Amino acid sequence: MGLRPCFFSSIRSASTLRSEAAASKGTYLYRMNKKLSELLRTGKLSQAKSMFDKMRQRNTVSWNSMISGYVKRREMANARKLFDEMPERDIVSWNLMISGYAALCLGYKFLEQARNLFDQMPSRDVVSWNTIISGYAKNGRMHEATRLFESMPERNVVSWNAIITGFLHNGDMLSATKYFERMPERDSASVSAFVSGLLQNGQLDEAVRVLIEYGEMDDWGKDLVQACNTLIVGYGQMGRLDDARRLFDQIPFNCNRREGRSGEFEKNVVSWNSMIMCYVKAGDIVSARELFDQMVERDTISWNTMINGYVRISDMEEAINLFNMMPKPDKMSWSSMISGFARIGRLELARDYFEMMPQKHLVSWNCIIAGYEKNKDYQGAIKLFIRMRAEGENPDELTLSSVLCVCAGLVDLHLGMQIHQQVTKTVIPDEAIKNSLITMYSRCGAMIESRLIFYEMKSPKVVAWNAMIGGYASHGFATEALELFELMKRRKVQPTYVTFISVLIACAHAGLVDEGWAYFKAMVNEYGIEPGAEHYASLVDNVGRNRQPKEAMDLIKSMPFEPHKAVWSALLGACRVHKNVDLAQVAAEALMRLEPESSAPYKLLYDIYAEAGQWEAAAAVTIMERNNIRRQAAYSWIDSSHC
């Protein structure tokens, strides 16, 4: 009998210890998962993985958080590795992986992996079904999407929205309307998505009809406002600002918002933001600012839209004023300022704002690197990219596209190939990256590599065609350049201003004067492209070198604007080929007026005189160069002393 109290006491103690251990474990996991989630939320994926690896205990939430981090960064190989290693999965784990593969929208390979996982799931919820349906719809495989939709055990509004959006995305208006009318219940998202899809397919009047019909029928209040906001954006996209403003003004405005009125049909902050955005995109900053100043309440989007409006018109003074007034600038606010200063060539201020950011992120890195690239500070861009990697930020498609443009600017094939390797390892190349790769290889003269990428593209856009034709033309492959141009026309790709520069250069290199004239006339008469200095310079070079400088001079006299230095340089080069001293003097004097600080025209004119045996004239050019260049340098010195 005396042992019983001790026995029960020991049981109670053991039970207490187990409870305390479980509580301690629960507290540890909660604390660690919270830290992990915070790291992932702020984009610190490598730090999160390091912490995850060191955790002495993990639960499904820990694994799912890490998988979610990789999925959001589209690093599906790493996500799949963790998924396969998981000791225990829940439905969230499966749905995360399916959503990651389905969201890539880059062909059947990833979609099939999503489908395989979907088929392997022990149990599915409505999210699983909606995710795989959306994946098929985004990839244009509406037959499979529809079959899955019709076999769903239960559907929600998201399911209907997914299938309708899929039809709209693929331009099947009839099926989209049919399923929309079949919906047992609709929410504001349903109508907004349907209206938005109609707008994207150019069905603006139908969008208005749907909004009026279903809005009045269901008397939604706040939900109707969201659909109206979508329509305001649609009017703006179509350039119908008056219609957008008329609809905006028809939505009642409660300047004294009271508790309990949140369901009323009245303007909300999204209404104001949508209308301001319409004005900003149309370049009407005055009207945008008037609305902005009338707003009773503003959110971060309101401020960022207005700041971005000033950035678009390069009014950085007003952008700074708004930025300084903004209660809590976010990453987009800082990035707009960085882009704005880079856009006007003020790299030092762009860099100042970048360094002042409380927390740098991928968008800001992309803005500053792109800014340096656009301003042709290629070495600075490379240094920033190296620093970005050193600080643990992984590049995305935009980063790598900018860095490839840097490699093209530097004509650095070795560096470009290194970046190409990073592209292969870190992202799935989109059209922009493929265009950048083609441009980089073409600029570097690696036409075999650029051709391989070009012919892998299903439907290359004009940027890719221009890069290929330009690469062939600038590296002496005139025949290939012109053959590709003819293929471009057969494929019904519309040539641009840049296309014809390359075509005319190719004709000049091949000595095809008649063909050059024919392409020049076709550019004007068939394609309606106004010739620029670059076109005339190429044609002058072609005519002058392969016929006579006098004919080239006649062409220059016919130009509708003052000849650019490139035009006179082309004529001067042709004069040297044909030893035409008189026209060489005319061209050189024109260049001296346009570029008084340059010694190039003097040297070329000297060579022309010397080759013609006119030594006195050559000596006079040397004296003239010495006097004029020295005088120009003296003026520059005096000017700089007053800066």
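The rules behind each value
- In every chain, residue numbers begin from 1 and rise along the written sequence.
- Per-residue local features are limited, in this predicted model, to residues with pLDDT of at least 70; the limit for side-chain atom pairs, both in listing and counting, is 80 or more; totals at the level of whole chains, interfaces and linings are taken over all residues.
- With hydrogens and water excluded, all non-hydrogen atoms of the structure serve as input to the side-chain values.
- The rule is short: rings of Phe, Tyr and Trp, with Trp giving its six-membered ring, pair when the centres are within 6.5 Å, and they are stacked under 30 degrees, edge-to-face over 60, tilted in between.
- Working definition: helices are DSSP H or I runs of at least four residues, strands are E runs of at least two. Numbering for both runs from the N terminus.
- Whether a residue is buried, partly exposed or exposed follows from its accessible area with a 1.4 Å probe, protein chains only, as a fraction of its type maximum: under 20%, in between, or over 50%, in that order.
- A ring has a charge above it when a Lys NZ or an Arg CZ is no more than 6 Å from the ring centre and no more than 35 degrees off the ring normal.
- Per-residue confidence from the predictor is given as pLDDT, running between 0 and 100.
- In this description, contact between two residues means that some pair of their heavy atoms is separated by no more than 4.5 Å.
- What we call a nonpolar core is a set of buried Ala, Val, Leu, Ile, Met, Phe, Trp, Tyr and Cys residues that are connected through their side-chain atoms within 4.5 Å.
- All axes here are fitted lines through C-alpha atoms, helices being fitted over the stretch that makes contact, and every angle between N-to-C directions spans 0 to 180 degrees.
- Here is the rule for angles: anything less than 35 degrees is roughly parallel, anything more than 145 is roughly antiparallel, 65 through 115 is roughly perpendicular, and the remaining ranges are oblique.
- Each helix crossing is assigned a hand: it is left-handed if the near helix lies turned anticlockwise from the far helix by less than a right angle, otherwise right-handed if that turn is clockwise.

With that settled, consider the packing of aromatic side chains. Under the defined criterion, the tally for this structure stands at 25 aromatic pairs. With a centroid separation of 5.2 Å and 80 degrees between ring planes, the pair formed by Phe-292 and Trp-303 is classed as edge-to-face. Remark: Trp-303 occurs in helix α17 (residues 300-312) and Phe-292 occurs in helix α16 (residues 285-294); sequence separation between them is 11 residues. Their ring planes at 70 degrees and their centres at 5.5 Å tell us that Phe-485 and Phe-500 sit as a pair that is edge-to-face. On the criterion of sequence distance, the pair formed by Phe-485 in helix α28 (residues 478-490) and Phe-500 in helix α29 (residues 497-510) is long-range, its members being 15 residues apart. Taken individually, Phe-485 and Phe-500 each receive the classification buried, so the pair is uniform in this respect. Each member of the aromatic cluster is reached from another via a ring pair, and the members are Phe-149, Trp-160, Phe-167 and Tyr-179. For the cation-ring pair, Arg-58 lies above Phe-52, with the distance from its terminal atom to the ring centre recorded as 4.3 Å. Cation over ring: Arg-89 sits above Phe-83, and NZ or CZ is 4.1 Å from the ring centre.

Put simply, the protein chain has an average pLDDT of 87, and 89% of its residues get 70 or more. Note that pLDDT drops below 50 for residues 258-262; the model gives that stretch 3 contacts with residues more than four away or on any other chain. Below a pLDDT of 50 lies the segment residues 630-643, which in the model reaches 3 contacts outside its immediate sequence neighbourhood of four places, other chains included.

Of all hydrophobic cores here, the largest spans 195 residues; its most connected members are Met-66, Ile-67, Ile-133, Ile-163, Ile-164, Leu-231 and Leu-571. Those residues within four positions of Ile-133 in sequence are excluded, and the remaining contacts are Ala-145, Leu-148, Phe-149, Met-152, Ala-162 and Ile-163.

Turning next to the packing of helix α32 (residues 549-557) against helix α33 (residues 565-578). It is at 9 Å that the axes of α32 and α33 come closest, and there the two elements cross at 165 degrees. The angle between α32 and α33 places the two elements in the roughly antiparallel class. The handedness of the crossing between α32 and α33 comes out as left-handed. Residues Pro-549, Ala-552, Met-553 and Ile-556 of α32 form the contact with α33, whose own contacting residues are Val-567, Trp-568, Leu-571, Ala-574, Cys-575 and His-578.

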